[in-house]
Amino acid sequence: MRSPAFTTTWSILRLVMGLVIVAAVVTQLVASVATTVELGRDLGTVIANFFSFFTILSNVLAASVLLWAGIDARRRDRTAVESPALATALACATTAMIITGIVYNLLLRGITLPQGSEPVPWSNEVLHLIGPLFLLLDLLFGPRRRDLPWRSVLVVLAFPLVWVTYTLLRGPLVTNPATGDPWWYPYPFLNPNNPGGWPSVLVYIAGISIAFVAVGAFTVWIGRRRAAAAEPVTVTS
């Protein structure tokens, strides 16, 4: 278990990282809105599409949880572990952000995604690299880790399962504001209209699902291992 001074310092880092992620999301949104207005595209559709990217949703989740964790550490006994709700939220955000970093940097880096404008370089790096790395470091070194039950992995998986269902149901109902195609998907590997069709989409979904299970289990395992290794502390709920 880290010292109270370390806990205070890390809570400040969480607050700063949360605010940086918020700034990155807002900056990219503003750029997308400006390009949309300039080109005369449908603004409502572009904004809805923007918040349909898993990257954006995972970063919004991460920023919210980091700000929550940072504020929580300032309000509670600095030697107390996280509440069950905060610990579960951190596990969800950490898993989502690690997957975001892996998928983007392995499959999507260099590909322009249909987010309404060209990516803002610094914002893009925060959302796809710096944010995920911080959440990984937070998992490995952040203070006050709680021993979550293994069933928490199911909670972690709920977010991506709901998102992929939403994406596949919404895709054929949206007209692409940039191309006029009668479909819109945030990532090319989820578009059944691309070469490979549905078989390719299903293979990608299966592969990413396995990755989510693995990273989610890893996240819970690290939390359990670190909690077990820590000295006895005051546990609050």
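Cut-offs and rules
- Residues numbered from 1 in each chain as written.
- Predicted model: local features only at pLDDT ≥ 70, side-chain atom pairs only at ≥ 80, totals over all residues.
- Heavy atoms only, no water.
- Core = buried A, V, L, I, M, F, W, Y, C linked by side-chain atoms within 4.5 Å.
- Buried < 20%, exposed > 50% of the residue type's maximum accessible area, 1.4 Å probe, protein only.
- Helix = DSSP H or I, 4+ residues; strand = E, 2+ residues; numbered from the N terminus.
- Contact = heavy atoms within 4.5 Å.
- pLDDT = per-residue confidence, 0-100.
- Axes fitted to C-alpha atoms, helices over the stretch in contact; angles between N-to-C directions.
- Left-handed = near helix turned anticlockwise from the far one by under 90°.
- Nonpolar A, V, L, I, M, F, W, Y, C, P; charged D, E, K, R; others polar.
- Salt bridge = Lys/Arg side-chain N within 4 Å of Asp/Glu carboxyl O.
- Expected span 1.5 Å × (residues − 1).
- Parallel < 35°, antiparallel > 145°, perpendicular 65-115°, else oblique.

### Re the nonpolar core
Inside soluble globular proteins, nonpolar side chains tend to come together where they are buried.
For step 1, the next point in the chain: One finds I21, L108, Y187, F189 and L190 to be the most contacted residues of the largest nonpolar core, which totals 52 residues.
For step 2, the next point in the chain: Mapped onto this core, the elements with two or more residues apiece are α1 (4–39), α3 (54–75), α4 (84–108), α5 (121–141), α6 (152–170) and α7 (197–229).
For step 3, the next point in the chain: When residues in this core are grouped by element, the largest group, 14 residues, is from α4.
For step 4, the next point in the chain: The contact partners of F189, leaving out residues within four places of it in the chain, are V103, L108, V201, Y204 and I208.

### Focus: the side chain of N49
For step 1, the next point in the chain: Along the chain, the position of N49 falls in helix α2 (residues 43–50).
For step 2, the next point in the chain: Ignoring sequence-local partners within four residues, the contact set of N49 consists of R170, V174, P177 and W184.

### Here's the deal with the confidence of the model for the protein chain
A low pLDDT means the predicted coordinates there should not be read in detail.
For step 1, the next point in the chain: Mean pLDDT for the protein chain: 89, with 93% of residues reaching 70 or above.
For step 2, the next point in the chain: In this model residues 233–237 is a low-confidence stretch, pLDDT under 50, and it forms 19 contacts with partners more than four residues away in sequence or in other chains.

### Thoughts on the packing of α3 against α4
For any two helices packed against each other, the geometry comes down to the angle between their axes and how far apart the axes lie.
For step 1, the next point in the chain: Here α3 crosses α4 at 145°, and the two axes come no closer than 9 Å. Crossing of α3 over α4 shows left-handed handedness. Listed contacts from α4 to F54, T55, S58, N59, L61, A62, V65, W68, A69 and D72 of α3 are A85, L86, A89, L90, C92, A93, A96, M97 and T100.
For step 2, the next point in the chain: Taken together, the residues of the contact of α3 with α4 break down into 14 nonpolar, 4 polar and 1 charged.

### Structural notes on the pattern of salt bridges
A side chain of one charge can pair with a side chain of the opposite charge when the charged atoms of the two come close.
For step 1, the next point in the chain: Throughout the structure, instances matching the rule amount to 4 salt bridges.
For step 2, the next point in the chain: Between D138 and R14 there is a salt bridge; the shortest N-O distance is 2.8 Å. Here the residue D138 occupies a position in helix α5, and R14 occupies one in helix α1, the gap between them amounting to 124 residues. No difference in accessibility class separates D138 from R14, as the two residues are buried.
For step 3, the next point in the chain: In this structure, a network of salt bridges that share partners links the residues R14, E82 and D138.

### Brief notes about α7
For step 1, the next point in the chain: Across its 33 residues, α7 extends 48 Å between first and last C-alpha, which sits within 8% of the 48 Å expected from 1.5 Å per residue.
For step 2, the next point in the chain: Those residues of α7 that sit buried are G197, V201, I205, I208, F212, V215, G216, T219, V220, I222 and G223.
For step 3, the next point in the chain: Those residues of α7 hidden inside the fold are in contact with α3, α4, α5 and α6.

### Focus: the packing of α4 against α7
For step 1, the next point in the chain: Where α4 contacts α7, the axes come no closer than 9 Å and their chain directions differ by 135°. The angle between the axes of α4 and α7 places the two elements in the oblique class. α4 and α7 meet at a crossing whose hand is right-handed. Contacts between α4 and α7 involve A91, T94, T95, A96, I98, I99 and L107 on the former and, on the latter, Y204, A211, F212, V215, G216 and T219.
For step 2, the next point in the chain: Tallied by class, the residues present in the contact of α4 with α7 amount to 9 nonpolar, 4 polar and no charged.

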